[in-house]
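Remarks on the overall topology
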Protein chains: 2
Amino acid sequence: MAKQNTVFKDAFNRCLKLLEQTANLPSEPELGATLGISRTTVRAILTRLEEVGLLTWEKRRKIVLRKPVAADYFPTEETDSLSEIIERSFMRRILAGGAEPGMQINELELAREIGIGTTSVREFLIRFSRFGLIEKRPNSHWVLKGFTRDFALELTEVREMFELRSATAFARLPEDHPAWQELDAIEAVHHAILADIENRYRDFSELDERFHLLVHRASKNRFIVDFYDVIAIVFHYHYQWNKTNARERNARALEEHLAYIAALRSRDPIEIELACRQHLKSARETLLQSIN
Amino acid sequence: MAKQNTVFKDAFNRCLKLLEQTANLPSEPELGATLGISRTTVRAILTRLEEVGLLTWEKRRKIVLRKPVAADYFPTEETDSLSEIIERSFMRRILAGGAEPGMQINELELAREIGIGTTSVREFLIRFSRFGLIEKRPNSHWVLKGFTRDFALELTEVREMFELRSATAFARLPEDHPAWQELDAIEAVHHAILADIENRYRDFSELDERFHLLVHRASKNRFIVDFYDVIAIVFHYHYQWNKTNARERNARALEEHLAYIAALRSRDPIEIELACRQHLKSARETLLQSIN
DNA sequence: CGTTTGTCTTTTATCGACAATAGACAGATT
DNA sequence: AATCTGTCTATTGTCGATAAAAGACAAACG
């Protein structure tokens, strides 16, 4: 196999979802734009829709013959891109498994274990190296620096610098900047989750990322925004891994976010700094607790 | 060719340099440690030394037969690693050549132009992407964001945050920390260059990197230290590219460094902040001038 | 007994090949 | 006239293969 056809399979599934709602398919270019893929892949999807008897397709005439059923979808395991698979597999190893700092990382072994080629593993490790968890010895192996206390402290130190600056910049955004609307939307979701915290506390992780990314974007600095990737991936896997007291922790974080949002609205630098620091401090503590 | 033997050639050349000074070669492991290579490569070097009649080698008996001459060395073009070649080639294109922001970057074209495989180009681009100058469209090309005014401003904004914090941390290093000695050594080189500025002003670039890296290291934060790579590469190529008023500019920077070093020694936070800001401000201005 | 050497195995860096995907262009359709 | 479709080409993502380099281990040496 030269290239996985995960783009095709994933887009096919999303196309089926579209078909559940509407029985009308737009033109090829439009469908491509909707699904975020090229026309080549759109046509591959249409061809398959015809093959499985969901569609008659001739030039512009596209007639949906029936509603899609579960069996029409590709299994979700097949729709993940290779890099997602590698990332998950790798993170599980270094977060969950007994991964000692200083351990060697072997490209070939990793590749065999996941069942993929070495090229993909190498490219992943290179991309991943910017997260500061691994380091390359040229012409030799990678070294795992580990998800240690030091790592967490260094990460949060930079995070606090960047987020304070971003929050200050946020307050200076013009009244009509779309970020304020997005902030309203985010605040509403906070209230919604808090109102049903027992069932919905797991939705916090995604919301957290959405909120902080919005704040960071206000810095209009690519390095600050890019750095948020590091924070996001660490917290993402941290939430998956450490579930102790998740409900209470998330509830508290939601409240802190609300205070933080209110401070942003006030545009008062002092208040913003206070609310921001307060929240970042508890985020840091949560992270540190999960390490030791 | 599967792998370049640049490690061998480069180490061979360095070994010849050793032979110019001493006529005695140590054991294989020791030589390997000196040259920073494995024993396998050491033995390849010894074999070649024998082939070209520089050495008789049998087990522990290594007898140097003559001094190496210029013709014994591998040409320098052959000792650069592939990634260095790609980097130079790429930087020339995007800094010197008419590289408009928004331009597409084509892996295949780049590879053909440099005369190497696509894998190496891809890996380079992935590594390079953390410098914020290019961006990937998945399943499609890379986009050049360009060495623009915005780029320089964003870069220097973060640089200033990081360096101020590092400088403050530097002042808190214990009296006996090796960084203070290194600072003395660096200061001495400053005086030496200033004393012969007409001839030596080109040495500033390297010294600049050495000094600022030392300061950044005091932060003991991998993200801050790693970020210095971005600064270093930008200034490195910037110095190569923009030579107008280089002598005066470097002389001024050297003076600013000396003031900055004195401030660090004073350990007075206010003085440090002042000297640091002053220097970073002119560094930023120099960079900006070269852009428009 | 601690190094050093000889030999062998494993891993990395790089290439070329090929399927998946993107993208270009001319002719067809409304 | 604008958009869509058919067809074709170019580029990306991934693999396996291979030379260079690293590294393991036992026998030899001092």
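Analysis parameters
- Residues numbered from 1 in each chain as written.
- Chains lettered and ligands numbered in written order.
- Predicted model: local features only at pLDDT ≥ 70, side-chain atom pairs only at ≥ 80, totals over all residues.
- Heavy atoms only, no water.
- Helix = DSSP H or I, 4+ residues; strand = E, 2+ residues; numbered from the N terminus.
- Buried < 20%, exposed > 50% of the residue type's maximum accessible area, 1.4 Å probe, protein only.
- Contact = heavy atoms within 4.5 Å.
- Areas by Shrake-Rupley, 256 points an atom, 1.4 Å probe, with all protein chains shown as cover.
- Lys, Arg positive; Asp, Glu negative; His and termini not counted.
- Charge placed at Lys NZ, Arg CZ, Asp CG, Glu CD.
- Buried area = accessible area lost by both parts, 1.4 Å probe.
- Salt bridge = Lys/Arg side-chain N within 4 Å of Asp/Glu carboxyl O.
- Polar contact = N/O pair within 3.5 Å; in protein donor to acceptor, adjacent residues only side chain to side chain.
- Nonpolar A, V, L, I, M, F, W, Y, C, P; charged D, E, K, R; others polar.
- Pairing = 2+ DSSP bridges.
- Axes fitted to C-alpha atoms, helices over the stretch in contact; angles between N-to-C directions.
- Core = buried A, V, L, I, M, F, W, Y, C linked by side-chain atoms within 4.5 Å.
- Near = heavy atom within 4 Å.
- Phe/Tyr/Trp six-rings, centres within 6.5 Å; stacked < 30°, edge-to-face > 60°.
- Lys NZ or Arg CZ within 6 Å of the ring centre and 35° of its normal.
- UniProt positions renumbered as here; feature names shortened; annotations may be inferred.

Once that is clear, we can look at the overall build of chain A. Along chain A, the regular secondary structure elements total 13 helices and five strands. With the C-alpha coordinates of chain A rotated into their principal frame, the extents come out at 65 × 55 × 35 Å. In chain A, buried positions account for 46% of the 292 residues. At a minimum sequence separation of 6, the contacts of chain A that also span at least 24 residues come to 65%. Carbon and sulfur atoms provide 50% of the accessible area of chain A, an area that totals close to 15400 Å². Averaged over its 42 positive side-chain charges, chain A has a centre that lies 5 Å from the centre of its 44 negative ones.

Attention now moves to unusual backbone geometry. Residues and elements named next belong to chain A. Phi is positive for N245, which is not a glycine, with a value near 60°. Summarising the element assignment, N245 is placed in the loop between α11 (222-241) and α12 (246-266). A positive phi angle, close to 65°, is found at R267, a residue other than glycine. Residue placement: R267 occurs in the loop between α12 and α13 (269-291). Judged by relative accessible area, which is 28%, R267 ranks as partly exposed.

The next thing to look at is the interface of chain B and chain A. Each partner contributes to the interface: chain B provides 29 residues, whereas chain A provides 29 residues. Where chain B abuts chain A, roughly 2600 Å² becomes buried across the two surfaces, and 56% of that area is made up of carbon and sulfur atoms. For the interface between chain B and chain A, the tally reads six salt bridges. There are twelve residue pairs in polar contact (both at pLDDT 80 or more) connecting chain B and chain A. For the side of chain B that touches chain A, the secondary-structure elements that each account for two or more residues are α6 (118-128), α7 (149-171) and α11 (222-241) of chain B. Here the side of chain B that touches chain A takes nine residues from α7 of chain B, the largest share from any one element. Split into classes, the residues belonging to the side of chain B that touches chain A amount to twelve nonpolar, five polar and twelve charged.

The next subject is the sheet that holds strand β3 (residues 104-105) of chain B. All names here are of chain B. Here we have three strands laid out as an open sheet, ordered β3-β5-β4, and antiparallel in their pairing. Since the sheet does not close on itself, it has two edges, and those belong to β3 and β4 (134-136), each with one partner. Sheet topology places β3 next to strand β5 (residues 142-144); two bridges connect them, and they run antiparallel. When the bridges of β5 are listed, Q104 appears paired with V143. Its contacts with the sheet place α6 against β3, β4 and β5, and it is angled at close to 115° to β4.

To continue, consider the pairing of strand β2 (residues 61-64) of chain B. Residues and elements named next belong to chain B. The two faces of β2 differ: K62 and V64 on one face are buried, but R61 and I63 on the other face are not. The sheet contact formed by strand β1 (residues 55-58) and β2 spans four bridges and is antiparallel. Bridge assignment links E58 to a residue of β2, and that residue is R61. Hairpin connection, β1 to β2: the antiparallel pair is bridged by two residues, and K59 has positive phi, about 50°.

Another aspect to go through is the nonpolar core. Membership of the largest hydrophobic core comes to 146 residues, with the highest contact counts inside it found for F128 of chain A together with F128 of chain B. Residues in contact with F128 of chain B, not counting those within four places in the same chain, are F90, M91, I94, L133, I134 and I233 of chain B.

Right, let's get into the protein's contact with DNA strand D. Neighbouring DNA strand D are 43 residues, the closest being A2, R39 and R43 of chain A together with T40 and R122 of chain B. If you look at DNA strand D and keep only atoms within 4 Å of the protein, 68% of those are sugar or phosphate atoms. With respect to DNA strand D, the backbone of L108 of chain B contributes an N or O atom lying 3.3 Å from a phosphate oxygen. Among the elements of the structure, α2 (28-35), α3 (39-51) and α6 (118-128) of chain A together with α1 (6-21), α3 (39-51) and α5 (107-114) of chain B are those that each provide at least two residues to the surface near DNA strand D. When its residues are assigned to classes, the surface near DNA strand D shows eleven nonpolar, 17 polar and 15 charged.

Ring pairs (aromatic) are described by centroid distance and by the angle formed between their planes. Summed over the entire model, instances satisfying the criterion amount to 31 aromatic pairs over all chains. Pairing F162 of chain A with F162 of chain B gives two aromatic rings, centres 5.5 Å apart and planes at 20°, and the pair type is stacked. A residue pair is termed interchain when its members come from two chains, as with F162 of chain A in helix α7 (residues 149-171) and F162 of chain B in helix α7. Each member of the pair F162 of chain A and F162 of chain B is classed as buried. For the ring pair F162 of chain B and F227 of chain B, a centre distance of 5.5 Å and an interplane angle of 90° mean the geometry is edge-to-face. Taken together, the residues span a long stretch of sequence, with F162 of chain B in helix α7 and F227 of chain B in helix α11 at a distance of 65 residues. The exposure classification of F162 of chain B matches that of F227 of chain B, with both residues buried. The side chain of R48 of chain A reaches across the aromatic face of F12 of chain A, ending 5.6 Å from its centre. For the cation-ring pair, R159 of chain B lies above F235 of chain B, with the distance from its terminal atom to the ring centre recorded as 5.1 Å.

Evaluation of the coordinates by the stated rule reveals 46 salt bridges over all chains. One salt bridge connects D72 of chain A with R66 of chain A, and the closest N-O pair in it is separated by 2.9 Å. On the basis of relative accessible area, D72 of chain A is assigned to the buried category, the value being 11%. According to the relative accessible area criterion, R66 of chain A is partly exposed, its value standing at 31%. Between R165 of chain B and E157 of chain A there is a salt bridge whose closest N-O contact spans 3.0 Å. Of this pair, R165 of chain B sits in helix α7 while E157 of chain A sits in helix α7, which puts the two residues in different chains. A relative accessible area of 35% means that R165 of chain B is categorised as partly exposed. Salt bridges linked by common partners bring E28, R39 and R43 of chain A together as one network.

Here the UniProt-annotated "domain: GntR C-terminal" (unreviewed entry) positions come out as residues 154-282 of chain A. End-to-end, the C-alpha atoms of residues 154-282 of chain A are 16 Å apart, and along that stretch the chain is 84% helix and 0% strand.

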